[in-house]
Amino acid sequence: MRIDLDPAHSEPSVFYRLLTATVVPRPIAWVSTTSADGTDNLAPHSFFTISCVEPPVVQFTSVGRKDSLRNIEDTGAFVVNLAPEPLFEEINATATDFPRGISEFDAVGIAREPSLRVEPPRVAASPVALECRLHSTLRLGDSTVVFGQVVHAAVSEDVMTDGHPEVAKLAPLSRLGRDEWGTIGGIRAISRIPYEPC
């Protein structure tokens with residue numbers, strides 16, 4: 001027996017809860033931006049993925065018109081910082097709806113470090129930072145998809161093994177449904193099977 005839900009006849013919040021509890025785990029783009037007047041902003045966005053490899057493009061979705069989106073539209077730059085498990089409480093705190101003009105870096109007490117190619121700062125304690133220039137945006141209903149071309153990546157040596165980021169050392173957080181968050185848990189590895197014609 002299944003429960004049938006028609007988005008045309010359901011409250012948007014009902015479908016939001018269904019989608020965010022079903023499309024899991026979702027990686028977190030911890031996005032740092034700087035407003036036109038120089039205020040640094042930091043916010044987690046859990047609708048996040050890779051769009052393209054050549055050129056390298058990542059995307060995140062702003063549900064509603066958040067400060068991250070406004071700042072990127074105004075300045076054309078942002079940084080995606082990996083959201084690591086040791087900063088769980090700080091990441092959650094930066095999701096607070098602070099008034100525009102208040103820096104989450106300062107309000108939550110998060111150390112910055114300068115970026116190399118863009119103006120917004122990186123999170124100093126994040127093991128990976130992707131510095132991005134705005135490629136384009138796409139408006140979909142109440143949301144805006146932001147595409148950023150990665151112009152520089154900064155990776156902590158501490159998370160590298162044989163020249164490759166080690167997921168256990170990265171310890172990335174993910175979002176689940178409700179107020180639930182996920183960690184990497186168990187890791188399974190399996191090689192892809194090449195096609196061999198008979």
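The structure contained in this document is the topic of the report that follows. Fair warning: this is a prediction, and the values are worked out from it, not measured in the lab. (Residues numbered from 1 in each chain as written. Predicted model: local features only at pLDDT ≥ 70, side-chain atom pairs only at ≥ 80, totals over all residues. Heavy atoms only, no water.)

## Topic: the overall build of the protein
- A count of helical and extended segments in the protein gives five helices and 14 strands.
- Scaling as 2.2 N^0.38, a compact globule of 198 residues should have a C-alpha radius of gyration of about 16 Å, and the protein matches this with 18 Å.
- Within the protein, buried positions represent 36% of all 198 residues.
- In the protein, the share of contacts with a sequence separation of at least 24, taken over all contacts with a separation of at least 6, comes to 58%.
- Carbon and sulfur atoms provide 54% of the accessible area of the protein, an area that totals close to 12,300 Å².
- The distance from the centre of the 17 positive side-chain charges to the centre of the 26 negative ones in the protein is 4 Å. (Helix = DSSP H or I, 4+ residues; strand = E, 2+ residues; numbered from the N terminus. Rg over C-alpha atoms; globule rule 2.2 N^0.38 Å. Buried < 20%, exposed > 50% of the residue type's maximum accessible area, 1.4 Å probe, protein only. Contact = heavy atoms within 4.5 Å. Areas by Shrake-Rupley, 256 points an atom, 1.4 Å probe, with all protein chains shown as cover. Lys, Arg positive; Asp, Glu negative; His and termini not counted. Charge placed at Lys NZ, Arg CZ, Asp CG, Glu CD.)

## Quick look at the sheet that holds strand 13 (residues 174-175)
- Overall, antiparallel pairing links the three strands, which are arranged 1-13-14 in an open sheet. Looking at the sheet topology across the chains shown, the edges are occupied by strand 1 (26-27) and strand 14 (181-182).
- Pairing geometry for strand 1 and strand 13, over two bridges, is antiparallel. Directly across from P27, in strand 13, lies its bridge partner S174. (Pairing = 2+ DSSP bridges.)

## Here we look at the nonpolar core
- In terms of nonpolar packing, the biggest core is built from 12 residues, these being A29, V31, F48, V58, F60, L69, I72, F78, V80, C132, V146 and V150.
- Listed by contribution, the elements that provide at least two residues to this core are strand 2 (29-34), strand 5 (57-63), helix 2 (67-75), strand 6 (77-82) and strand 10 (143-155).
- Counting 10 residues, the second-largest nonpolar core is a separate cluster that includes W30, L42, F105 and I110. (Core = buried A, V, L, I, M, F, W, Y, C linked by side-chain atoms within 4.5 Å.)

## So, the packing of aromatic side chains
- Per the stated rule, a full pass over the model turns up two aromatic pairs.
- Pairing F60 with F78 gives two aromatic rings, centres 5.6 Å apart and planes at 75°, and the pair type is edge-to-face. Linking F60 in strand 5 with F78 in strand 6, this pair joins segments that are 18 residues apart in sequence.
- With a relative accessible area of 1%, F60 lands in the buried category.
- Among the residues examined, F78 registers a relative accessible area of 0% and is labelled buried.
- Ring centres 5.2 Å apart and planes at 85° place the aromatic pair F88 and W181 in the edge-to-face group. One end of the pair, F88, is in helix 3 (residues 88-93); the other, W181, is in strand 14, with 93 residues separating them in the sequence.
- R175 extends its terminal NZ or CZ atom over the ring of W181, reaching a point 5.0 Å from the ring centre. (Phe/Tyr/Trp six-rings, centres within 6.5 Å; stacked < 30°, edge-to-face > 60°. Lys NZ or Arg CZ within 6 Å of the ring centre and 35° of its normal.)

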